[in-house]
Amino acid sequence: MGGINKVILVGNLGKDPEIKYLEGNIARANFTMATSEFHKDKSGNKVEQTEWHNIVVWRSMAESAEKLLKKGTQIYLEGKLQTRQWVDKDGHKRNITEIVGESFLILQRKDTTQSPAQGYSEDTTGGGFNDIEKKDGLPF
């Protein structure tokens, strides 16, 4: 049996997606996403624990992310973990663990004039990607 590499996050964008076009005009967008949990400390005070995640999306999904997502937008994101290694300009080995996004759904925007139930998902029929728009905010 093979393994499972699946990540599901609900959080807010820490910055606008930054898009770059690679060789062959392939779009790649990067952004950060914060997820927060709350608990009470020994004194009963509410404490927030925030984790930051590096997100990368490719091709048409990257172009949609650039158009639809802005800093502060709350999204539901599905993807997989990927670790990359490289050697920097000073000759030091570096690595980064990223989440390669496979689909996202906008849950809440700072600008409430647009419908919050808008997203992007892979088309499992092999035809690329499809826009998602649902009235109840769920992708199904």
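Residues numbered from 1 in each chain as written. Predicted model: local features only at pLDDT ≥ 70, side-chain atom pairs only at ≥ 80, totals over all residues. Heavy atoms only, no water.

**Q** A description of the pattern of salt bridges should follow, citing residues and the corresponding values.
**A** Going through the model one piece at a time under the given rule, you end up with 6 salt bridges. The shortest N-O distance in the salt bridge between Lys15 and Glu18 comes to 3.5 Å. The closest approach of N and O atoms between Arg28 and Glu98, which form a salt bridge, is 3.5 Å. Here the residue Arg28 occupies a position in strand β3 (residues 26-40), and Glu98 occupies one in strand β6 (residues 93-108), the gap between them amounting to 70 residues. Across the pair, exposure class does not vary: Arg28 and Glu98 are buried alike. Salt bridges linked by common partners bring Lys6, Glu78 and Glu102 together as one network. (Salt bridge = Lys/Arg side-chain N within 4 Å of Asp/Glu carboxyl O. Helix = DSSP H or I, 4+ residues; strand = E, 2+ residues; numbered from the N terminus. Buried < 20%, exposed > 50% of the residue type's maximum accessible area, 1.4 Å probe, protein only.)

**Q** Residues and numbers for the nonpolar core, please.
**A** Ile55, Val57, Leu69, Ile75, Leu77 and Phe104 are the most contacted members of the largest nonpolar core, which totals 20 residues. If you list the elements that add at least two residues to this core, you get β1 (7-13), β3, β4 (46-58), α1 (59-68), β5 (74-87) and β6. Not counting the four nearest positions on each side in its chain, Leu77 is found in contact with Val7, Ile8, Leu9, Met33, Ile55, Ile99, Gly101, Ser103 and Phe104. (Core = buried A, V, L, I, M, F, W, Y, C linked by side-chain atoms within 4.5 Å. Contact = heavy atoms within 4.5 Å.)

**Q** Got a sec to walk through the side chain of His53? Specific residues and values, please.
**A** Structurally, His53 is set in strand β4. Separated by 2.8 Å, the side chains of His53 and Thr35 make a polar contact. (Polar contact = N/O pair within 3.5 Å; in protein donor to acceptor, adjacent residues only side chain to side chain.)

**Q** Outline α1, supporting the account with residue identities and numerical values.
**A** Among the residues of α1, Met61, Ala62, Ser64, Ala65 and Leu68 are the ones counted as buried. For α1, the buried positions fall inside an angular range of 165 degrees around the axis, keeping them on one side. (Arc of directions from axis to C-beta.)

**Q** Tell me about the pairing of β3, and name the residues and values.
**A** The pairing of β1 with β3 spans 2 bridges and is classified as antiparallel. When the bridges of β3 are listed, Asn12 appears paired with Ala34. The pairing of strand β2 (residues 18-22) with β3 spans 5 bridges and is antiparallel. Within the sheet, the bridge partner assigned to Tyr21 lies in β3 and is Ala27. The turn linking β2 back onto β3 is made up of 3 residues, and Gly24 within it adopts a positive phi angle of 85 degrees. In this antiparallel pair of consecutive strands, β3 and β4, the connection spans 5 residues, and Gly44 shows a positive phi of 90 degrees. (Pairing = 2+ DSSP bridges.)

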